[in-house]
Amino acid sequence: MIAPTVRQASLFPHLLFPHWLPVAAARPAMSASWWQWVASTDSLTSRLTVAGGTKAFRVQLLRQTIGLPLRDEALALGIEPRRYAWLREVALCLDDMPWVVARSVAPLSQLQGKGLEGLGERSLGSWLFQQPDLVRGPLYATCHQPRFVAEQSASLLDSVWGRRSVFQHSGLSLLVQEYFLSTMADDLGLPSR
Ligand SMILES: C=C(O[C@@H]1C=C(C(=O)O)C=C[C@H]1O)C(=O)O
């Protein structure tokens, strides 16, 4: 594959981007404003709450079930594709306007005793970032649209940037995939890429 020039990467990222790139490799195609969001490693819930100002932050649970992960999700978690997993899809909303949609995946066999099944509309981040031994793996970025399963998630598919990483905590590997929507760009005056 011939390496794209910075100009090509910024003009036609969809054509030149493999699905997931290490976040630093995606930087030439990303504005500085978006880099601040996509490359951040602290809690997205906290950042959205602050950025939203007086807007009310809410986690809208779109779907939470047991099912088979997508092939690239299983690869990211280092599990067999045919292994059942905990699947969670949410929209992170400010004043009921979705700014981010997220899909998280964890191997079912690793969930015992973690209490994640009862998370409901509490933010996964509020649980994750309380774990003292939490380790976050490298961040990857994409400009491709998310592949969600829940119908209402699919209708939200207007992602500007996506990112994902694997969190490790006491024997649990949790893949968290977050897609920043154009509604967030509009509300915060962020660039289109
Ligand atoms: C990982 C975090 O949790 C957020 C909340 C999620 C949820 O409730 O399912 C999913 C992804 C995150 O954007 C975070 O706040 O950084």
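Refer to the preceding data block for the structure.
Position numbers for residues start from 1 in each chain and track the written sequence from start to end. Owing to the predicted nature of the model, reporting of local features is limited to residues with pLDDT of at least 70; listing and counting of side-chain atom pairs is limited to 80 or more, with chain, interface and lining totals taken over all residues. Only hydrogens and water are set aside when side-chain values are computed; all heavy atoms of the structure are taken into account.

Visitor: What should I look at first to understand the overall build of the protein chain in this one?
Guide: Segments assigned H or I by DSSP are reported as helices when at least four residues long, segments assigned E as strands when at least two residues long, and all are numbered from the N terminus. For the protein chain, the count of helices and strands is nine helices and eight strands. A separation of at least 24 residues holds for 68% of the contacts in the protein chain among residues at least 6 apart in sequence. Split by element, the accessible area of the protein chain, about 9,300 Å² in all, is 56% carbon and sulfur. Should any heavy atoms of two residues lie within 4.5 Å, those residues are considered in contact. Under the convention used here, a 1.4 Å probe and the Shrake-Rupley method define accessible areas, while residue burial counts only the protein chains that appear.

Visitor: Would you mind showing me how to read the site of the ligand here?
Guide: What surrounds the ligand is a group of 16 residues, the closest being L44, T45, R88, L124 and E178. Here an oxygen atom of the ligand sits 2.8 Å away from a polar atom, N or O, in the main chain of L124. The method works on a 1 Å grid over the protein atoms by themselves. A cavity is a set of points holding a 1.4 Å probe that cannot get out, a pocket is an open set with protein on both sides within 12 Å along at least five of seven lines, and residues with an atom within 4 Å of a point line them. Cavity and pocket membership follows a simple rule, namely that a molecule belongs there if more than half of its atoms are within 2 Å of the grid points. When atom positions are compared with the pocket grids, the ligand is found to occupy the largest cavity. Contributing elements (two or more residues each) for the shell around the ligand: α5 (44-51), β3 (85-94), α7 (124-128) and β8 (172-181). A per-class count over the shell around the ligand returns nine nonpolar, four polar and three charged. A molecule or strand has a residue near it when one of that residue's heavy atoms lies within 4 Å. For this analysis, a polar contact is any N or O atom pair within 3.5 Å, provided that within protein one partner can donate a hydrogen and the other can accept it, and provided that sequence-adjacent residues contribute only side-chain to side-chain pairs. Residues are grouped as follows: nonpolar covers Ala, Val, Leu, Ile, Met, Phe, Trp, Tyr, Cys and Pro; charged covers Asp, Glu, Lys and Arg; every other residue, Gly included, is treated as polar.

Visitor: Which parts of the structure should I look at to understand a nonpolar patch on the surface?
Guide: Residues enter a patch when their relative accessible area is above 30% and they make no salt bridge; the linking distance is 9 Å between like charges and 5 Å between nonpolar side chains (Val, Leu, Ile, Met, Phe, Trp, Tyr). The term salt bridge refers to a pairing of a side-chain nitrogen on Lys or Arg with a carboxyl oxygen on Asp or Glu at a separation within 4 Å. Taken together, the side chains of I66, Y84 and L108 present a nonpolar region at the surface, about 280 Å² in accessible area. Within the secondary structure, I66 is located in strand β2 (residues 57-67).

Visitor: Can you help me understand the pattern of salt bridges in this one?
Guide: If the charged atoms of two oppositely charged side chains come close together, the side chains can form a pair. Taken as a whole, this structure holds eight salt bridges when the rule is applied. The shortest N-O distance in the salt bridge between R58 and D96 comes to 3.1 Å. Taken together, the positions of R58 in strand β2 and D96 in the loop between β3 and β4 (97-107) put the pair 38 residues apart, joining distant regions of the chain. Here E73 ties to R103 by a salt bridge, and the two come within 2.6 Å at their closest N and O atoms. In this pair, E73 is assigned in helix α6 (residues 71-77) and R103 in strand β4, connecting sequence segments 30 residues apart. Several salt bridges converge on common partners, so that one network encompasses R58, D96 and E121.

Visitor: What exactly am I supposed to notice about empty space enclosed by the protein here?
Guide: To find leftover empty space, a probe the size of one water molecule is rolled over the atoms. Grid points are joined across faces, edges and corners, and a volume is the space filled by probe spheres set on the points. Enumeration over the complete set of coordinates arrives at two cavities of 30 Å³ or more. Of the volumes computed, that of the largest cavity is approximately 210 Å³. Taken together, 20 residues form the lining of the largest cavity, with T45, L124, G125, V176 and E178 sitting closest to its centre. For the lining of the largest cavity, a count of residues per class yields 10 nonpolar, five polar and five charged. Estimated volume of the second largest cavity: approximately 40 Å³. Lining the second largest cavity are L70, E73, R103, P146, R147, F148, Q177 and Y179. When the residues that make up the lining of the second largest cavity are grouped by side-chain class, the tally is four nonpolar, one polar and three charged.

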